[in-house]
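Residue-level listing of the chains:
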Amino acid sequence: MGSKWRKAKVALGLNLCLYVPKTLEDSSSPPRRSDDTVSLSPVIVQRPTTPVPSSSGLRLPRSMSKSSSKKTCAICLTAMKAGQGHAIFTAECSHSFHFQCITTNVKHGNQICPVCRAKWNEIPLQSPNAKAKSGVKPIGRPRDDAWMSIPPRRSSPIQYTSRPDCLRVSSIFNTEPAVFNDDEALEHQDRSAESGLDKSKPGVTGTLEVKTYPEISEVVRSVSFKDFAVLINLKAPAASRSSSNPSSSSRAPVDLVTVLDVSGSMAGTKLALLKRAMGFVIQNLGPFDRLSVISFSSTARRNFPLRLMTETGKQEALQAVNSLVSNGGTNIAEGLKKGARVLIDRRFKNPVSSIVLLSDGQDTYTMTSPNGTRGTDYKALLPKEINGNRIPVHAFGFGADHDASLMHSIAENSGGTFSFIESETVIQDAFAQCIGGLLSVVVQELCVKIECIHHLLRIGSVKAGSYRFDNGPNSRTGSIAVGDLYAEEERNFLVNLDIPIVEGVSDLMSLVKVQCVYKDPVSKETVNLNNFGEVKILRPIVMTERRPVVSVEVDRQRIRLRAAEAISEARVLAERGDLTEAVSVLETCRGVLTESVSGRAGDPLCVTLCAELKETQERMASRQVYEASGRAYVLAGLSSHSWQRATARGDMSDTTTTSYQTQSMVDMVNLSQTMTFGMPIASSTSSPSAQRKLRQALSFPARPRPR
């Protein structure tokens, strides 16, 4: 009987998931759990149970009667009681809400019941001249509230001020303005001491660390050396920690815009997990960070303006995210355009700005012609405002049906990264890794300047990946535009020089000098580093050693570049349909890496690269496998190597996803993996064995492995 009832609910559209906080009246009775519900009380598990398919949130327990559900407003998630001075609206479907909540929900565009999805014939409207009332008095929810909970609130009710720089809750869902200049003011600019961003306190510990390594230490005078490599290694300083609160960094605040796909294909578990991941992001933003939420399907909509993530801001951001409903097609271009407008039109600017884009499908508007054919001009999807203002878009392709080439192109052309989320259960971990980096920016506008010292030297080439290298006059100077660095993040660039034959009696030859200029995003000061000397080598008449020893550091970077080039070459062959040759290229590269100096020494980087090459081979086993997951996996890997920045790949359970990870990323992913519906697992079970295990995709089919 229970199975038939569940099928009937699905057919009638009643299979909704809704988060209902525990009321004071319910706190005395122990929670019950049925087979189709997810516990909202603190539990200790390895991995939270995946919510049942829904587009609204977590499911109401069957044990709750209709009368008990009326005690909680499904929109603001707070109690409804008669006599509190708040009007209560009861819809024709018999579900009740605060009148203020349901009118703002209708303004938001939702004219169906948030609980049972029934379409209303009569909708509540509020007079345009009515003043925005303060929010309803919140109940004292316990700290261990479940999914999309917010940090513990103060004992006093939240008060919405009437200051012009503080948005009222009712204004969030009003009709979108023509210009998005309604962003919330940055209070920390006027109160730097209170915000922890006092310029007298360093935002980072130390300065950028610069090291240089010549390929070999000596070249005889009578011999020329073409493509002699000089490695430039950069390492960003660590973020400083607040003495009063070690868990928070004195860091640069972020303006983050999330552009989320809510098309029909996101219905069910996908949207439920996306909401949970967004809840994690909101929880981990600081009070001086700002967030805006854009959703897109057939059209795009700004669901939440650029607001500070204070206690009030987080509560309202969670409300906006929880109101997302899936339907319609996929118009990525409109979503990006609206997301870019939020950052372009804003009146105030935090030091760090970024867009996070997530989609599980293919653009059905901009990239599709009237006759139904698909275009390949992916740059048409990227608004000119993003390119012109250097706004990085970190793109996340979700599942097997997304357009990986399109998402990779958007990220690559904007200066962002592309991640492939194959397993729906790790979407939160992928977001966690990304914001772990964005919340730790310690270097901005970094420029590396290279100058040849010896008058006969010329710069042959520079291996800089996706970073722009500008060659100076006569190839004697050049510069690399690196941009932002996360705390403790490293960059490695190989500069190839042509060493000429020299005459004379000098045993030393000066090759190049390196200068770095960047901005500290916290203090806003420009840092100029030009005092770490010159790169020199010996030029003896006779070689002192029978065989020169190659620098281990240079060798490690060469095999990294060799692996990236092999993956890129294999991708070209795979796109042509020659999968056999693509696999052969990867296998040959694995052999070269194994026999290299680093490979024979068991270098961890070499081991990781060999594992990545093997995984790439397996994802090119057949055309079906390559189309389902291989292309996205390869492009996410190439994005990671070209920017030397961590990206999510596959189910994030193998070692290849740890490449380029910083400690702040690791910490944030660990936090995500030890969360049980928004609550950290108890310290007594925080051992690695007690942490949740990453599982394969639940709704995405497992990819076949080659035999």
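All of these numbers come straight from a predicted model, not from anything done at the bench.

Rules behind the numbers
- Residues numbered from 1 in each chain as written.
- Predicted model: local features only at pLDDT ≥ 70, side-chain atom pairs only at ≥ 80, totals over all residues.
- Heavy atoms only, no water.
- Phe/Tyr/Trp six-rings, centres within 6.5 Å; stacked < 30°, edge-to-face > 60°.
- Helix = DSSP H or I, 4+ residues; strand = E, 2+ residues; numbered from the N terminus.
- Buried < 20%, exposed > 50% of the residue type's maximum accessible area, 1.4 Å probe, protein only.
- Lys NZ or Arg CZ within 6 Å of the ring centre and 35° of its normal.
- Polar contact = N/O pair within 3.5 Å; in protein donor to acceptor, adjacent residues only side chain to side chain.
- Core = buried A, V, L, I, M, F, W, Y, C linked by side-chain atoms within 4.5 Å.
- Contact = heavy atoms within 4.5 Å.
- Expected span 1.5 Å × (residues − 1).

Chemist: Help me understand the packing of aromatic side chains, please; the structure alone is not making it clear to me.
Modeler: The relative placement of two aromatic rings is captured by the distance of their centres and the angle of their planes. Scanning all chains against the criterion turns up four aromatic pairs. Pairing Tyr467 with Trp643 gives two aromatic rings, centres 5.0 Å apart and planes at 90°, and the pair type is edge-to-face. Here Tyr467 is found in the loop between β14 (459-463) and β15 (468-471), whereas its partner Trp643 is found in helix α15 (residues 623-643), with 176 residues between them in sequence. Trp643 shares its class with Tyr467; the two are buried. Feature note: the residues Tyr467, Phe493 and Trp643 constitute an aromatic cluster, connected by ring pairs. Over the face of the ring belonging to Phe180 we find Arg341, whose NZ or CZ atom lies 4.1 Å from the ring centre. A cation sits over an aromatic face here: Arg649 above Tyr633, 6.0 Å from the ring centre.

Chemist: Explanation requested: the environment of His402 in the structure shown.
Modeler: Residue position: His402 is located in the loop between β11 (393-398) and α9 (404-414). A distance of 2.8 Å separates a polar side-chain atom of His402 from the backbone oxygen of Gly399.

Chemist: Help me understand the nonpolar core, please; the structure alone is not making it clear to me.
Modeler: Soluble globular proteins: nonpolar side chains tend toward being buried together. Judged by nonpolar contacts, the single largest core of 47 residues is most densely connected at Leu274, Leu291, Leu358 and Phe431. At the level of secondary structure, the elements contributing two or more residues to this core comprise β7 (254-261), α5 (269-284), β8 (290-296), α6 (311-322), β10 (352-359), β11, α10 (427-438) and α16 (663-673). At eight residues, α5 tops the list of elements feeding residues into this core. With residues near it in sequence (within four places) discarded, Leu358 still touches Val259, Leu260, Asp261, Met266, Leu274, Phe296, Phe396, Phe398, Met407, Ile421, Ile427 and Phe431. The next biggest cluster of nonpolar side chains, apart from the first, holds 41 residues, and it includes Ile232, Val448, Leu457 and Tyr518.

Chemist: Can you walk me through α10 in this structure?
Modeler: Each full turn of the α-helix corresponds to 3.6 residues, which orients residues three or four apart in the same direction. The end-to-end C-alpha distance of α10 is 17 Å, a good match for the 16 Å that twelve residues give at a rise of 1.5 Å each. With twelve of twelve residues buried, α10 is to be regarded as a mostly interior element.

Chemist: Explanation requested: the environment of Arg302 in the structure shown.
Modeler: Looking at where Arg302 falls in the secondary structure, it is placed in strand β9 (residues 300-308). For the pair formed by Arg302 and Phe180, sequence separation is 122 residues and the distance between their alpha carbons is 9.5 Å. Apart from the residues within four sequence positions on either side, Arg302 is in contact with Glu176, Pro177, Phe180, Asp182, Ser292, Val293, Ile294, Lys338 and Val342. A polar atom in the side chain of Arg302 sits 2.8 Å from the side chain of Asp182.

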